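# Report on the structure
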Amino acid sequence: MLLIGAITCKPKTETIDQSQYYEQIIIATQSELQVAQDSINTLNNTIHLKDSIYLQTLNSCGTTTDSLRAELFVANYKLGRIKEYCNIVKNNSSQLQFLRGWINRVLED
C-alpha cells in the first residue's frame, strides 16, 4: 500500500503551468497599451486642431494688419495733400477761395 501511495502522489517540486497567467498579463498589458495609444491619438488630433486655429488666426491678423497699413498710408497721403493746400493759402491768401474745393476733392478720392 505504501508503494501505491508513493506512485500516485505527485511531488511538490513539479512546476506549475503558468502560461495562462502570463497570457492574461499580456492581454491586459496590450489593452492598456491600446488605451494609451488612443489617448495619444486624441491628444495629437487636439494639438493639430489648435495649431490650425492658431495659424488661421495669425493669417487673419496679418491680412487685417496689411489692410490697416494700406488705409493708414492713404489717410496720411490725403492729410499731406491737405497740408500742402493749407501752405499754399498761407503763402497766398488770395487762394483761400479754392481751399474748400481742394479739400473736398482730396476727401472724395
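By convention here, each chain's residues receive numbers from 1 onward along its written sequence. Whole-chain, interface and lining totals are the exception, using all residues; otherwise, since this is a predicted model, local features are given only for residues with pLDDT of at least 70 and side-chain atom pairs are given and counted only at 80 or more. By convention in this description, side-chain values take in all heavy atoms of the structure and omit both hydrogens and water.

### Side note on the side chain of Lys-78
Note the threshold: Labels follow the DSSP assignment, with helices taken as runs of H or I lasting at least four residues and strands as runs of E lasting at least two, numbered in each case from the N terminus. Only protein chains enter the accessibility calculation, which uses a 1.4 Å probe; a residue is then buried when its area is under 20% of its type maximum, exposed when over 50%, and partly exposed in between. For the purpose of counting charges, residues Lys and Arg are taken to be positive, whereas Asp and Glu are taken to be negative. His and the chain ends are not included. By definition here, a salt bridge exists when the distance from a side-chain nitrogen of Lys or Arg to a carboxyl oxygen of Asp or Glu is within 4 Å. In this analysis, two residues are considered to be in contact whenever any of their non-hydrogen atoms come within 4.5 Å of each other.
Positionally, Lys-78 belongs in helix H2 (residues 19-91). At 6.8 Å, Asp-109 is the nearest oppositely charged side chain to Lys-78, a buried residue that forms no salt bridge. What Lys-78 contacts, discounting residues up to four positions off in sequence, is Val-106, Leu-107 and Asp-109.

### So, the packing of aromatic side chains
The test is simple: Ring pairs shown here join Phe, Tyr and Trp side chains whose ring centres sit within 6.5 Å, with only the six-membered ring taken for Trp; geometry is labelled stacked below 30 degrees between planes, edge-to-face above 60, and tilted in between.
Under the counting rule described, the total for this entry stands at three aromatic pairs. Consider the rings of Phe-98 and Trp-102, whose centres lie 6.0 Å apart with planes at 25°: the pair is stacked. With Phe-98 and Trp-102 both in helix H3 (residues 96-108) and four residues apart, the pair spans about one turn of that helix. Since its relative accessible area comes to 39%, Phe-98 is described here as partly exposed. The class for Trp-102 is buried, based on a relative accessible area of 15%. Taken together, the aromatic side chains of Tyr-85, Phe-98 and Trp-102 make up a single cluster linked through ring pairs.

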